[in-house]
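Single-letter residue listing:
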Amino acid sequence: MQFDPMMLARARLAMRVGIRNHLFDPNVRMVSVGLPEKGGKIIENQLAIRYHVVEKYHSQIQLEAALENGSTQSDLRAPIRVGQFTFETDVVQGKYLPHVWGWNPWQPTPPPNPRAQRADPMRGGLSISDEFHNSYGTLGGKVIDRATGVEMILSNWHVLVADWGARAGQRIYQPGRLDGGRSGDAVATLTRHAMGANLDAAVATLNGSRQLLTDQLNLNPVAGAALAQLGMEVTKSGRRTDVTRGRIVDVDATVRMTYGPVTKLIHNVMSIEPLVSFEQVSGPGDSGSLWIDTATNLAVGLHFAGSDFPERGLAIDLPTVLDALNVRLAIAPAAASARRAAWSGIQLGIVAPAATPMPASQAQEALVAR
Amino acid sequence: MSEHDQRGRNHAHQARAHLETLVMSNPDVQMVSIGIDPERRSAEPVLIITISHGAPVPAGVPNNIDGIPVRVVYGDYQLEQGE
């Protein structure tokens, strides 16, 4: 049986939704795309999202009992929608074990994800969170307070502040709490945010316990900040999806986002699509990453949201963020001299002006976190 | 950037702001932007309205604003913190 490639791709997207929603359910061992089974027969011309469970509940009473005692967390039978397409779900019983002969204590364990580890020195692309929420986002980069010269961390409001009642001074952990960060991992304190200017961005002042470098994990050093342009190819280093590449396909957007009980319009937004169809540009945990022009290494956006269908990332125009927070991007001396050379090339017409260096602008009034 | 390009960009920004006032009060509208034409019918940037999956196309969406085509696409944007 051959399926249309587009339908298979949609099914994979639906499976990703299923994985995100249910793979951490203690009863679920695997999520797959497959042919559904109805009444003991395989339906040949249909695709379904299949949940492989330790125990299948055959009645509503069994399911409710399992929900109550914590054996499972949700009803897996709800269909999954991807755009205009709906995929039925199928629950099958199957407990899978590794096919190894006995336990080999010398077998190498997979290396831990460096983005989720405590890092010293720190750099952009690492896990970070506030002290109260069991979550993680991404440390975007190092910025300098334009008024005082103090070194700070740049990330999102919903990563560093994350609560409408938060106060300046709350501690920031690296790694983030969901990656095991504890009070001993506090590296900064929340200083101010820009949500008052409809920008999901905030800064926290480093407490001196660890050094923060100006580069990004697995990427070249950032050379400065610039305005985004339609068609620009960009890359980011994020906690969840590592280094990904994309292309800017929307600019100057206003987007409606929900932050707990409050819906906000976020301004100065760009959207990024994958360079290659069906590749991922971002995922939950990448919030706070910097999107960087691949041609110039100038940072153009602060990532904060995304969509699975279509696969897109959303970022806020970085020069606007820096102005609103009254900070400048910290860059290494080598990157600064490279940027000067690139800029003189642009002025001489040698290098195509893929990005416009950030215009000098008046700093807006700093917004102090409540 | 030439003066002509700058005029074109300002024109697009004004048209996008106008479109935002027309449609952003509709809760199904997630985003209003200037973008690359998703239908590849126009070589120039177009105005794009992103609405939630399954939502009806908002009533009264013009075909163009000040000569700039308007397109409607679907999306489902969420904050991306790990939880």
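Definitions and cut-offs
Residues numbered from 1 in each chain as written. Chains lettered and ligands numbered in written order. Predicted model: local features only at pLDDT ≥ 70, side-chain atom pairs only at ≥ 80, totals over all residues. Heavy atoms only, no water. Helix = DSSP H or I, 4+ residues; strand = E, 2+ residues; numbered from the N terminus. Buried < 20%, exposed > 50% of the residue type's maximum accessible area, 1.4 Å probe, protein only. Contact = heavy atoms within 4.5 Å. Areas by Shrake-Rupley, 256 points an atom, 1.4 Å probe, with all protein chains shown as cover. Pairing = 2+ DSSP bridges. Core = buried A, V, L, I, M, F, W, Y, C linked by side-chain atoms within 4.5 Å. Buried area = accessible area lost by both parts, 1.4 Å probe. Salt bridge = Lys/Arg side-chain N within 4 Å of Asp/Glu carboxyl O. Polar contact = N/O pair within 3.5 Å; in protein donor to acceptor, adjacent residues only side chain to side chain.

A. Summary view of the overall build of chain B. Regarding its fold elements, chain B presents one helix and five strands. Sequence-ordered secondary structure for chain B, helices as α and strands as β, is α-β-β-β-β-β. Overall size of chain B, expressed as C-alpha extent along the three principal axes, is 45 × 35 × 25 Å. Within chain B, the proportion of its 83 residues that are buried is 40%. The long-range share in chain B, meaning contacts at least 24 apart out of those at least 6 apart in sequence, stands at 37%. Only carbon and sulfur atoms are counted for the fraction: they give 47% of the accessible area of chain B, which is about 4500 Å².

B. Structural context of the pairing of strand 1 (residues 29-35) of chain B. Of all seven residues in strand 1 of chain B, seven are buried, a share of seventy percent or more. Here strand 19 (residues 242-259) of chain A runs beside strand 1 of chain B; their pairing, made up of four bridges, is antiparallel. Residue pairing in the sheet places A:Asp250 in a bridge with B:Gly35 of strand 1 of chain B. Inspection of the sheet shows strand 1 of chain B paired to strand 2 (residues 46-52) of chain B by six bridges, in the antiparallel sense. Counted as the bridge partner of B:Gly35 is B:Val46 from strand 2 of chain B.

C. Expanded view of the nonpolar core. In terms of nonpolar packing, the biggest core is built from 55 residues, with A:Leu154, A:Met257, A:Ile266, A:Phe304, A:Leu318 and A:Leu329 touching the most fellow members. Per element, the largest residue contribution to this core is five residues, and it comes from helix 4 (residues 318-325) of chain A. The contact partners of A:Met257, leaving out residues within four places of it in the chain, are A:Val262, A:Thr263, A:Lys264, A:Ile266, A:Phe304, A:Ala305, B:Tyr77, B:Gln78 and B:Leu79. Ranked by size, the runner-up nonpolar core spans 28 residues in total, among them A:Ala226, A:Ala228, A:Val234 and A:Val251.

D. Looking closely at the interface of chain A and chain B. Counting from both sides, the interface comprises 44 residues of chain A and, opposite them, 31 residues of chain B. Summing both partners gives a buried area of about 2700 Å² for chain A against chain B, and 53% of it is carried by carbon and sulfur. Looking at the side of chain A facing chain B, the largest losses of area belong to A:Asp252, A:Thr254 and A:Arg256, adding up to 22% of the total buried there. For the pair chain A and chain B, the interface holds one salt bridge. Applying the counting rule to chain A against chain B returns 21 residue pairs in polar contact (both at pLDDT 80 or more).

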